[in-house]
Amino acid sequence: MCGVVGAILRDQPALEGILDGLRVLEYRGYDSAGVAAALPEGVAIRRRAGRIEALRAALEDAALEDAALEDGALSEARCGVGHTRWATHGPPNELNAHPHSDQSGRIALVHNGIVENHQELRRELEEQGVEFRSDTDTEVIVHLIARELERLEGESGEAALADGVREALKLVEGYYAIAVLRAGPEPELVAARQGPPLCICVNEVGAWLASDVLALLPHSREVVYLEDGDVARLAPSHYEVFRPDGERVERSPEEIEWRAEDAGMAGFSHHMQKEIHEQPAVLGRTVAARVGDGDADLGSGWSDSELAKLERVQVLGCGTALHAGLIAQFLIEGLAGLPTDSDYASEFRYRSPRLVPGTLALAISQSGETADTLAALRLAKELGCHTGAICNVPGSSLVREADSVLLTDAGPEIGVASTKAFTAQVAGAYLAAVRLGRARGEIDALGADTLLEALRGVRAGLEVVLGDETVALVKEVARSNQDAKGFLFLGRGVNYPVALEGALKLKEISYVHAEGYPAGEMKHGPIALIEPGMSVLVVNSEGGVAEKVRSNLEQVKARGGRVIVVGSDEESLALADERIPVPATSEWVSPILNVVPLQLFAYEIGLLKGCDIDKPRNLAKSVTVE
Ligand code: F6R
């Protein structure tokens with residue numbers, strides 16, 4: 001999703017730091033990039049379709065968009081903004097890339113989000129003589145700011161950029177994280193947020209802003225998160241935050257535990273590979289911090305008094321996070337005895353959900369910024385639910401808005417395909433199920449200890465699954481199946497969402513067609529696909545449904561499908577054409593182990609097909625628009 005960065009520095013050039021910030025945000029997915037710098041004469045803008053490297057090359061070119069300005073001046077500017085765009089309105093070309101400027105060439109703006117009433121605003125501005133230069137919804141904001149500043153200046157002689165921004169945003173419907181600069185002898189930098197995240201920090205060099213805390217970590221670990229409706233004025237040594245009515249408010253910095261190095265590659269070839277291999281440590285951390293004596297210790301937001309009142313749970317999420325949510329449904333019903341539903345956040349928000357009083361709306365999200373998940377949680381809150389979140393990003397919108405929060409402690413996830421966040425979410429759901437079961441009296445202290453011991457044991461299993469032997473085996477299986485006509489992933493019970501997740505990973509990373517299905521559903525349609533050349537990955541671990549899965553597996557074999565078994569069920573492994581054994585463990589925690597070979601399989605197929613593993617086409621890391 002679009003990335004926003006900006007800086008206003010005391011006495012050193014801002015551009016290099018802004019480009020570094022954009023590079024940190026590359027992982028979010030983008031198709032064009034641009035920067036603007038505030039110079040005494042006006043704004044200087046450079047934009048390019050494609051990667052940041054193309055932008056960097058453009059910055060080294062001779063001609064500036066505004067020919068009156070010198071290249072040297074651009075690189076010397078102390079105030080600038082930058083952007084990586086993931087196209088929504090208009091194709092990813094240079095004209096649609098941000099920043100956009102007003103007609104006077106003094107104001108430049110970058111935006112993440114959507115202006116829902118852009119057509120109406122555009123018509124109005126065109127009638128007033130504004131000539132638009134792009135197809136974007138964003139461009140209306142910069143013209144509105146210019147118009148409102150002119151109006152304010154007409155009324156009182158001069159106006160601060162922050163006031164013009166506040167006035168303009170009153171007319172904008174939609175979602176935004178924006179950074180706006182005004183050129184002049186004393187450049188001004190303003191940030192505003194409604195929806196997508198935006199944070200700021202100040203260090204000895206100056207003030208910085210970014211749409212993702214990772215881009216601020218090289219500058220400071222003390223970060224201020226803007227709230228919806230905030231407009232912030234940044235100066236080299238301080239910042240001020242205003243509400244839409246102009247009232248000044250305090251927003252104190254929060255200490256971030258992540259380190260800039262956590263977002264590095266640590267010797268691996270790809271972030272995805274590194275993150276797959278981090279899973280034993282992530283699981284160890286997530287569990288160690290939450291295992292209490294005879295209970296899971298999730299913190300104060302998960303007290304008996306709130307949880308004992310619950311009658312139902314509604315799990316919400318998107319993509320991989322929803323797959324963790326489907327597992328959460330099995331765990332909460334199976335362990336805590338609470339009726340539980342799960343739904344795509346994007347569907348939930350547009351049906352008319354009937355939620356009984358005493359429902360816990362539990363949103364699962366790596367980023368905590370997914371627009372659909374946030375909207376679904378807000379709807380559930382409006383409907384009177386207690387809200388909970390299993391989330392990986394401290395300070396994210398979800399974490400700030402939910403009543404009860406369980407942080408998964410997976411560290412920054414940079415690979416676009418979610419891996420370590422998924423297993424941490426499943427571990428989080430397991431811990432929440434134990435806590436709910438204890439609060440409701442469904443699980444006693446001894447039972448909780450046994451369950452928690454099983455979760456603690458998963459770390460050792462993960463180390464086996466990520467050991468050289470299994471990794472080599474997965475490589476071999478990937479090689480022998482790379483030319484399959486198609487892939488079907490099957491699983492049942494608590495492992496059926498693992499099949500969905502395996503198929504999703506393969507689609508995302510290697511662009512081959514893959515379907516994930518509950519194994520029992522196969523005979524109701526997908527079985528028609530089975531023929532020689534079709535590879536079927538069957539996830540089966542020992543437990544209540546193992547025998548059922550075995551018979552589904554036989555049905556595939558009987559029709560000539562190539563069967564690859566992943567799991568601990570010995571009989572299934574013996575029946576398979578190829579096999580990836582996974583250590584035996586309790587059925588409830590088996591998804592955490594079983595998903596790992598599927599992540600590795602997607603990674604290896606992606607490599608064999610020459611795909612861009614960490615930047616899969618069309619995908620964004622965090623989907624902050626609908
Ligand atoms: C797939 C993937 C996505 C996300 C989904 C929700 O690998 O990463 O399907 O899981 O976009 O994102 P979060 O978890 O940030 O809400």
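Reading the values: the criteria
- Residues numbered from 1 in each chain as written.
- Predicted model: local features only at pLDDT ≥ 70, side-chain atom pairs only at ≥ 80, totals over all residues.
- Heavy atoms only, no water.
- Near = heavy atom within 4 Å.
- Polar contact = N/O pair within 3.5 Å; in protein donor to acceptor, adjacent residues only side chain to side chain.
- Areas by Shrake-Rupley, 256 points an atom, 1.4 Å probe, with all protein chains shown as cover.
- 1 Å grid on protein atoms, 1.4 Å probe; cavity = no way out; pocket = protein on both sides within 12 Å on 5 of 7 lines; lining within 4 Å.
- Sits in = over half its atoms within 2 Å of the grid points.
- Helix = DSSP H or I, 4+ residues; strand = E, 2+ residues; numbered from the N terminus.
- Nonpolar A, V, L, I, M, F, W, Y, C, P; charged D, E, K, R; others polar.
- Pairing = 2+ DSSP bridges.
- Axes fitted to C-alpha atoms, helices over the stretch in contact; angles between N-to-C directions.
- Buried < 20%, exposed > 50% of the residue type's maximum accessible area, 1.4 Å probe, protein only.
- Parallel < 35°, antiparallel > 145°, perpendicular 65-115°, else oblique.
- Left-handed = near helix turned anticlockwise from the far one by under 90°.
- Contact = heavy atoms within 4.5 Å.
- Salt bridge = Lys/Arg side-chain N within 4 Å of Asp/Glu carboxyl O.
- Right-handed = clockwise from strand over helix to strand, strands pointing away.
- Core = buried A, V, L, I, M, F, W, Y, C linked by side-chain atoms within 4.5 Å.
- Expected span 1.5 Å × (residues − 1).

Participant: Go over the site of the ligand, please, and point to the residues and values.
Facilitator: The ligand sits among 13 residues. The nearest are Ser365, Gln366, Ser367, Thr370 and Glu508. Measuring from an oxygen atom of the ligand, one finds a side-chain N or O atom of Ser365 at 2.6 Å. Ser418 is positioned with one of its backbone polar atoms (N or O) 2.9 Å from an oxygen atom of the ligand. Here the ligand loses 90% of its free accessible area of 400 Å² to cover by the protein chains. For the ligand, the cavity whose grid points lie within 2 Å of the majority of its atoms is the largest pocket. Counting residues per element, the ones that place at least two in the shell around the ligand are α10 (319-336) and α17 (496-510). In terms of residue count, the dominant contributor to the shell around the ligand is α10 (three residues). Within the shell around the ligand, the residues separate by chemical class into four nonpolar, seven polar and two charged.

Participant: Quick rundown of the sheet that holds strand β21 (residues 486-491)? Include the residues and the values.
Facilitator: Where strands meet in a sheet, backbone hydrogen bonds hold them as pairs that are either parallel or antiparallel. One open sheet holds the five strands; their spatial order is β22-β21-β23-β24-β25, and the pairing between them is parallel. Strands at the two margins of the open sheet, each flanked by one partner only, are β22 (514-518) and β25 (578-581). The mean inter-strand angle of the sheet, taken between neighbouring strand axes irrespective of direction, is 15°. In this structure, strand β24 (residues 562-567) lies alongside β25, joined through four bridges in parallel fashion. Bridging across to β25, Val565 finds its partner in Arg579.

Participant: Quick rundown of the pairing of strand β10 (residues 206-210)? Include the residues and the values.
Facilitator: The element β10 is largely enclosed, with a buried count of five among its five residues. Relative to β10, strand β1 (residues 3-9) is paired through five bridges, and the arrangement is antiparallel. By the bridge assignment, Ala7 is partnered in β10 with Trp208. Here strand β9 (residues 199-202) pairs with β10 via four bridges, running antiparallel. Residue pairing across strands places Ile200 opposite Leu209, the latter belonging to β10. Count of turn residues in the β9/β10 antiparallel hairpin: three residues.

Participant: Now, about the packing of helix α15 (residues 445-465) against helix α20 (residues 590-608): what can you tell me, with residues and values included?
Facilitator: Contact pair α15 / α20: the axes reach a minimum separation of 9 Å and the direction vectors enclose 25°. Between α15 and α20, the crossing angle belongs to the class labelled roughly parallel. For the crossing formed where α15 meets α20, the hand is right-handed. Contacts from Leu455, Val458, Gly461, Leu462 and Val465 of α15 reach α20 at Ile592, Leu593, Val596, Pro597 and Leu600. Tallied by class, residues from the contact of α15 with α20 come to nine nonpolar, one polar and no charged.

Participant: So what's going on with the packing of α17 against α20? Which residues, and what values?
Facilitator: Remark: α17 packs on α20, axes separated minimally by 8 Å, with the N-to-C direction vectors making an angle of 20°. By the angle between their axes, α17 is roughly parallel relative to α20. The hand of the α17/α20 crossing is right-handed. On the side of α17, the interface is formed by Val498, Glu501, Gly502, Lys505, Leu506, Ile509 and Ser510, while α20 contributes Pro591, Asn594, Val595, Leu598, Phe601, Ala602, Tyr603, Ile605 and Gly606. Split into classes, the residues belonging to the contact of α17 with α20 amount to 10 nonpolar, four polar and two charged.

Participant: Account for the pattern of salt bridges, with residues named and values stated.
Facilitator: With the rule as written, the count across this model stands at 45 salt bridges. For the salt bridge of Arg151 with Glu155, the shortest nitrogen-to-oxygen distance reads 3.1 Å. Here the residue Arg151 and the residue Glu155 both occupy positions in helix α5 (residues 139-156), the gap between them amounting to four residues, near one helical turn. For Arg151, a relative accessible area of 35% corresponds to the partly exposed category.

Participant: Any details on the pairing of strand β18 (residues 359-365)? Residues and values, ideally.
Facilitator: The element β18 is extensively covered by neighbouring structure, given that seven of its seven residues are classed as buried. Residues Thr359, Ala361, Ala363 and Ser365 point to one face of β18 and Leu360, Leu362 and Ile364 to the other, with burial holding for every one of them. Both strand β16 (residues 312-317) and β18 contribute to a ladder of five bridges, which runs parallel. By the bridge assignment, Gln314 is partnered in β18 with Ala361. Sheet topology places β18 next to strand β19 (residues 386-391); six bridges connect them, and they run parallel. Along β19, the bridge assignment pairs Ile364 with Ile390. Crossover connection from β18 via helix α12 (residues 371-382) to parallel β19: handedness right-handed.

Participant: Describe in detail the nonpolar core, supporting the description with residues and values.
Facilitator: Ile332, Phe487, Phe489, Leu506 and Phe601 are the most contacted members of the largest nonpolar core, which has 79 residues in total. Counting residues per element, this core draws most heavily on helix α14 (residues 420-439), at 11 residues. Setting aside residues up to four positions removed in sequence, Phe601 forms contacts with Val474, Val477, Ala478, Asn481, Phe487, Phe489, Leu506 and Leu537. Formed by 36 residues, the second largest nonpolar core is a distinct cluster that contains Leu9, Ala37, Ala210 and Leu217.

Participant: Describe the side chain of Ser134, naming the residues involved and giving the relevant values.
Facilitator: Among the secondary structure elements, Ser134 is positioned in the loop between α4 (118-127) and α5. One polar contact links Ser134 to Thr136, side chain to side chain, over a distance of 2.8 Å. Ignoring any residue separated from it by four or fewer positions in sequence, one finds Ser134 in contact with Leu95, Asn96, His100, Arg122 and Glu139.

Participant: Provide a residue-level description of α20, including the pertinent values.
Facilitator: Here α20 spans 28 Å end to end across 19 residues, near enough to the 27 Å set by a 1.5 Å rise per residue. α20 sits mainly inside the fold: 17 of its 19 residues count as buried. Residue Gly610 follows α20 closely and has a positive phi angle near 70°.

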